[in-house]
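Breakdown of the fold
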Amino acid sequence: MKGLYTALMCSFDEQGNINEQGLREIVRYNIEVSEVDGLYVNGSTGENFLISTEQKKQIFEIVKDEVGDRVKLMAQVGSLNVDEASELAQFVTDLGYDAISAVTPFYYKFDFEEIKDYYNTILEGVDTKLIIYSIPALTGVSMNLEQFGELFENEKIIGVKFTAPDFYLLERLRHAYPDKLIYSGFDEMLLSASVLNVDGAIGSTFNVNGKRAKQIFTLAQSGRIDEAREIQKVTNDLISEILENGLYQTIKEMLETQGVHAGYVRKPMKRLSEEKLLKARSIAEKYL
Ligand code: NAY
């Protein structure tokens, strides 16, 4: 399960329906052009929190059908509705996904006991492994070393997608849990995380920048830090332009320039203005 995983985008049409062909094209582009090791399906980048249970299932099915066994697949099933999360966990396990992942429960200020119960409930009765999805900036949920340790006591919890700039905690986690999988979640910090020996990374920008990300990761692993730093610099030039223009919308438009029908974002996300569309195309021309 080690390596680089694209946080997969989903293609939606103007009405917000799944564009199956577009989604298949995004999958193929990631495998054949970006050459990532795996796909992280229905994460933030997949606009997971904006779609219905049925749409989530449809996406899981289409992606598995398109991928077959070519790359590893992680399914993000986390939901404030624990019944939905459990149902999706069973669904993707039956489909043959390699692991599930679940975002920490957010919005209500759950205490740690509740968070722990959420994970144990999702895993009850389902024969799969789980990666915790920790993203404090969006969820407001920060866990400390001991709390991660307590979650890791459940042997089915095999790792964490660590999307935070806290490199002290990341180093402590790596040191304390050498056998758990740690994935870096911020693409702009990939080199720094790789130096701390993470097992892989999961990122939205890998949809268009997978090859550079892979270079950063493998160069860092073999101690070639100067070379990795150069590629991280270009990557961060790209990421800052993407962030300034609109993250998911710009990546989608960049994919469109490559003949991949990545489509539109779902409401309430807004579409790019004409000016920003042109900007997205010029970013693609510059970096792809
Ligand atoms: C997800 O589930 O799609 C992710 O969390 C992937 C990680 C990304 N985080 C978000 C919130 O999009 O790749 C990062 C991020 O977009 C990138 O580093 C730019 O900041």
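Summarised in this report is the structure supplied together with it. (Residues numbered from 1 in each chain as written. Predicted model: local features only at pLDDT ≥ 70, side-chain atom pairs only at ≥ 80, totals over all residues. Heavy atoms only, no water.)

Here we come to unusual backbone geometry. The step from K267 to P268 runs through a cis peptide bond, and the omega angle for that step is 5 degrees. For P268, the location among the structural elements is in the loop between α11 (247–257) and α12 (274–287). The phi angle at E35 is positive, at roughly 55 degrees, despite the residue not being glycine. Tracing the chain through its elements places E35 in the loop between α1 (20–32) and β2 (38–41). (Helix = DSSP H or I, 4+ residues; strand = E, 2+ residues; numbered from the N terminus.)

Attention now moves to the packing of helix α6 (residues 145–152) against helix α7 (residues 167–176). Angle between the axes and distance between the axes: these two values describe a pair of packed helices. It is at 10 Å that the axes of α6 and α7 come closest, and there the two elements cross at 40 degrees. Viewed along their axes, α6 and α7 adopt a mutual orientation that is oblique. Crossing of α6 over α7 shows right-handed handedness. Between α6, through L145, F148 and F152, and α7, the contact on the second element is made entirely by L169, R172, L173 and A176. Partitioning the contact of α6 with α7 into residue classes produces six nonpolar, no polar and one charged. (Axes fitted to C-alpha atoms, helices over the stretch in contact; angles between N-to-C directions. Parallel < 35°, antiparallel > 145°, perpendicular 65-115°, else oblique. Left-handed = near helix turned anticlockwise from the far one by under 90°. Contact = heavy atoms within 4.5 Å. Nonpolar A, V, L, I, M, F, W, Y, C, P; charged D, E, K, R; others polar.)

When the terminal C-alpha atoms of helix α4 (residues 112–123) are compared, their 17 Å separation across twelve residues agrees well with the 16 Å that a helix rising 1.5 Å per residue should span. Residues of α4 that are buried include every one of F112, I115, Y118, Y119, I122 and L123, and no others. Down the axis of α4, the buried side of the element spans an arc of 125 degrees, and every buried residue falls inside it. Of the surrounding elements, those touching the buried residues of α4 are α3 (82–95), β4 (99–103), β5 (130–134), α6 and β6 (157–162). The backbone nitrogen of E113 has a side-chain oxygen 3.2 Å away, supplied by the residue at the start of α4, namely D111. (Expected span 1.5 Å × (residues − 1). Buried < 20%, exposed > 50% of the residue type's maximum accessible area, 1.4 Å probe, protein only. Arc of directions from axis to C-beta. Polar contact = N/O pair within 3.5 Å; in protein donor to acceptor, adjacent residues only side chain to side chain.)

With 14 residues, α3 extends 20 Å from end C-alpha to end C-alpha; this agrees with the ideal 20 Å at 1.5 Å per step. Residues of α3 that are buried: E84, A85, L88, A89 and V92. Looking straight down α3, one finds that the buried residues subtend no more than 140 degrees of arc, so they occupy a single side. For α3, the exposed residues set more than 90 degrees away from the buried face come down to D83 and D94. Structurally, α3 contributes buried residues whose contacts are with α2 (53–67), β3 (72–76), β4 and α4. The distance from a side-chain oxygen at the start of α3 to the backbone nitrogen of D83 is 3.0 Å, and the residue carrying that oxygen is N81. Remark: G96 follows α3 within two positions and exhibits a positive phi of approximately 100 degrees.

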